[in-house]
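One letter stands for each residue in the lines below.
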Amino acid sequence: MTESSAVLARPPLPDDGDLDLLLLIRHFELALLDLFGQGRIDGTTHTCLGQEYVPVSLRPLLGETDYVFSNHRGHGHYLARFEDPAGLLAEIMGREGAVCRGVGGSQHIFRDRYMSTGVQGESLPVATGVALHLKNTSPGSLACVYIGDGTWGEGAVYEALNIASLWRLPLLVVVEHNGIAQSTPTARQMAGTVRGRAEAFGARHYRVDTSDVTLIREELAPLVSEVRLENRPLVVEFATQRLGPHSKGDDTRPREVVRDAEAHDWYRRLAQADPRRFARADEAQRARVAALVEEVCARPQSRWDPCA
Ligand SMILES: Cc1ncc(C[n+]2csc(CCOP(=O)(O)OP(=O)(O)O)c2C)c(N)n1
C-alpha cells in the first residue's frame, strides 16, 4: 500500500478522535522522556515516537473479545486500546491508580484481554495458544500480537507461526518494522524478508507503507475479517520508523538517519496538511498530558501488599 493520488481526495487530517489519540500518544511519550531526563521516573522506558499511527489505525479493527499482546514498546498499544493515560502513567511512576498497582511498570501490563511483556518473542506462542482457545470457544475473535523486526531473531516466533498456520488459528501478527533493533540495523542481521519468512509457513503477509490511518484501515479491514472468519494467520508488516532512542539516551544512529525519520514523521505531514486544525488539537493534547503529569506526580506511591 502506498499513498496514492486517491488519498488526495480525503480530508487532509484524520477525524478528531484519531487525531486526538495520535497526539495524546505523542505527548505522553515526550512527557515520559522529559520526566526521565529530570530523574522523576526510575527503571526504563521505550517510547513509540514515530509509530503512534500503527495502533491508532488498528483500534477500530480490534473488538472487545479479541486479545492484544504487546511488547516492550507498548505505551501506544495500551493507549489505543483503553485511552487511559492516567492509569499508565501511574503504573510507570508507581503511583496510586496504577493499572497493575505499580508492579508491572512500563513493559508489563495486564488488563482485561491485554498483556504486554518486555521479553522479546515471548508473546507469540502465548498469543497462538490464545488463538486456539478463541477458535474453540469464541469463533470470530482473534489474538493480535505486536512484535518488532528484531524479534524475528527469536526462534519462538517460528514455532508459533508454524502451529498457527498448521492449525489454522485466528492470529494477527503486527510487525512494526522500524529497521533497527536496539542498536543493530535490521539489514545487518536479517537474511531475506519478513514476507518470505511469513509465507514460508503459509501465513498471509501484507505490507503497509503509509502512515495514513484511514487508508490503512480501509486496506486492512477485509484482511482482518478473513483472519476472523477463515482462521488464517496474517502477518501485517508496517514499514515504520523510530524517532526516539531505543530506550532513553541510547540512540546510536547517525544524525542524518534520525533527521530523515523526522522528515517523514506523520506529525510533520499532518501539521502541514491543515496547520490551524492541527495546532488546536496538538495544543489540547499537550495541555492534557501536562495536567495529567502534574496530577499523577502529586499522587501517593502505589502500595502493593502481596499478602493482601
Ligand atoms: C529475549 C530478549 N532478548 C533481548 C532483549 C533486550 N531487548 C529489548 S528490546 C530489543 C530490541 C527489539 O527490537 P525490535 O524487535 O526490532 O523492536 P523495537 O525495539 O525496534 O521496537 C532488545 C534486544 C529482550 N528484551 N528480550
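Residues numbered from 1 in each chain as written. Predicted model: local features only at pLDDT ≥ 70, side-chain atom pairs only at ≥ 80, totals over all residues. Heavy atoms only, no water.

1. What about helix H8 (residues 213–230)?
In a regular helix each residue adds 1.5 Å, so 18 residues correspond to 26 Å; H8 covers 25 Å between its end C-alpha atoms and thus fits that length. Each element contacted by the buried residues of H8 is listed here: helix H1 (16–37), helix H2 (53–58), strand S5 (171–177), strand S8 (204–208) and strand S9 (234–239). (Helix = DSSP H or I, 4+ residues; strand = E, 2+ residues; numbered from the N terminus. Expected span 1.5 Å × (residues − 1). Contact = heavy atoms within 4.5 Å.)

2. Thoughts on the site of the ligand
Contacts to the ligand come from 15 residues, most closely from His72, Arg73, Gly118, Gly150 and Thr151. Between the ligand and the protein, one listed contact pairs an oxygen atom with a backbone N or O atom of Asp149 at 3.4 Å. A distance of 2.6 Å separates an oxygen atom of the ligand from a polar atom in the side chain of Thr151. Bound to the protein, the ligand loses 75% of the 580 Å² it would expose on its own. (Near = heavy atom within 4 Å. Polar contact = N/O pair within 3.5 Å; in protein donor to acceptor, adjacent residues only side chain to side chain. Areas by Shrake-Rupley, 256 points an atom, 1.4 Å probe, with all protein chains shown as cover.)

3. What about empty space enclosed by the protein?
Taken as a whole and assessed by the stated rule, the structure comprises two cavities of 30 Å³ or more. Taken as a whole, the largest cavity holds about 70 Å³ of empty space. Forming the boundary of the largest cavity are 13 residues, of which Asn71, Val119, Gln120, Gly121 and Ser123 lie nearest the centre. Classifying every residue of the lining of the largest cavity by side-chain character gives three nonpolar, nine polar and one charged. Its boundaries defined by the atoms lining it, the second largest cavity holds a volume of some 40 Å³. Every residue lining the second largest cavity is listed: Arg204, Leu223, Glu226, Val227, Glu230, Arg232, Pro233 and Leu234. With four residues, the top contributor of residues to the lining of the second largest cavity is H8. In terms of residue class, the lining of the second largest cavity is made up of four nonpolar, no polar and four charged. (1 Å grid on protein atoms, 1.4 Å probe; cavity = no way out; pocket = protein on both sides within 12 Å on 5 of 7 lines; lining within 4 Å. Points joined across faces, edges and corners; volume = space filled by probe spheres on them. Nonpolar A, V, L, I, M, F, W, Y, C, P; charged D, E, K, R; others polar.)

4. Overview of the packing of aromatic side chains
Within this structure, the stated rule accounts for nine aromatic pairs. Where Trp152 meets Tyr158, the ring centres are 6.0 Å apart and the plane angle is 70°; that geometry is what we call edge-to-face. Judged by centre distance (6.0 Å) and plane angle (40°), the ring pair of Tyr158 and Phe201 falls under tilted. Highlighted residues: Tyr158 in helix H6 (residues 155–166) and Phe201 in the loop between helix H7 (194–200) and S8, separated in sequence by 43 residues. (Phe/Tyr/Trp six-rings, centres within 6.5 Å; stacked < 30°, edge-to-face > 60°.)

5. A closer look at unusual backbone geometry
Look at Glu83: it is not a glycine, yet its phi comes out positive at around 40°. For Glu83, the location among the structural elements is in the loop between helix H3 (75–82) and helix H4 (85–93). With a phi angle near 60°, Gln182 is a residue other than glycine that sits in the positive phi range. In this structure, Gln182 sits in the loop between strand S6 (180–181) and strand S7 (184–185). For Gln182, a relative accessible area of 48% gives the class partly exposed. (Buried < 20%, exposed > 50% of the residue type's maximum accessible area, 1.4 Å probe, protein only.)

6. Quick look at the nonpolar core
Residues Tyr53, Leu58, Leu89, Leu172, Val174, Leu220 and Phe238 are the most contacted members of the largest nonpolar core, which totals 60 residues. Within the second largest apolar cluster, 24 residues are counted, among which are Ala160, Leu161, Ala164 and Val175. (Core = buried A, V, L, I, M, F, W, Y, C linked by side-chain atoms within 4.5 Å.)

7. A word on the sheet that holds strand S3 (residues 114–116)
The seven strands lie next to each other as S2-S3-S1-S4-S5-S9-S8, forming an open sheet whose pairing is mixed. Taken across any chain shown, the strands that pair with only one partner, and hence form the sheet edges, are strand S2 (110–111) and S8. Where strand S4 (residues 143–148) meets S5, six bridges bridge the pair, whose relative direction is parallel. Across the sheet, residue Gly148 finds its bridge partner in S5, namely Glu176. Packed onto the sheet, helix H5 (residues 123–137) meets strand S1 (67–70), S4 and S5 and runs at close to 165° relative to S4. Sheet strands in contact with H8 are S5, S8 and S9, and its direction is about 165° off that of S8. (Pairing = 2+ DSSP bridges. Axes fitted to C-alpha atoms, helices over the stretch in contact; angles between N-to-C directions.)

8. Quick look at H3
Along an α-helix, a turn takes 3.6 residues, which lines up residues three or four apart on a common side. A large share of H3 lies buried, amounting to seven of its eight residues. Taken together, the buried positions of H3 are occupied by His75, Gly76, His77, Tyr78, Leu79, Ala80 and Phe82. Just downstream of H3 lies Glu83, where phi reads positive at about 40°.

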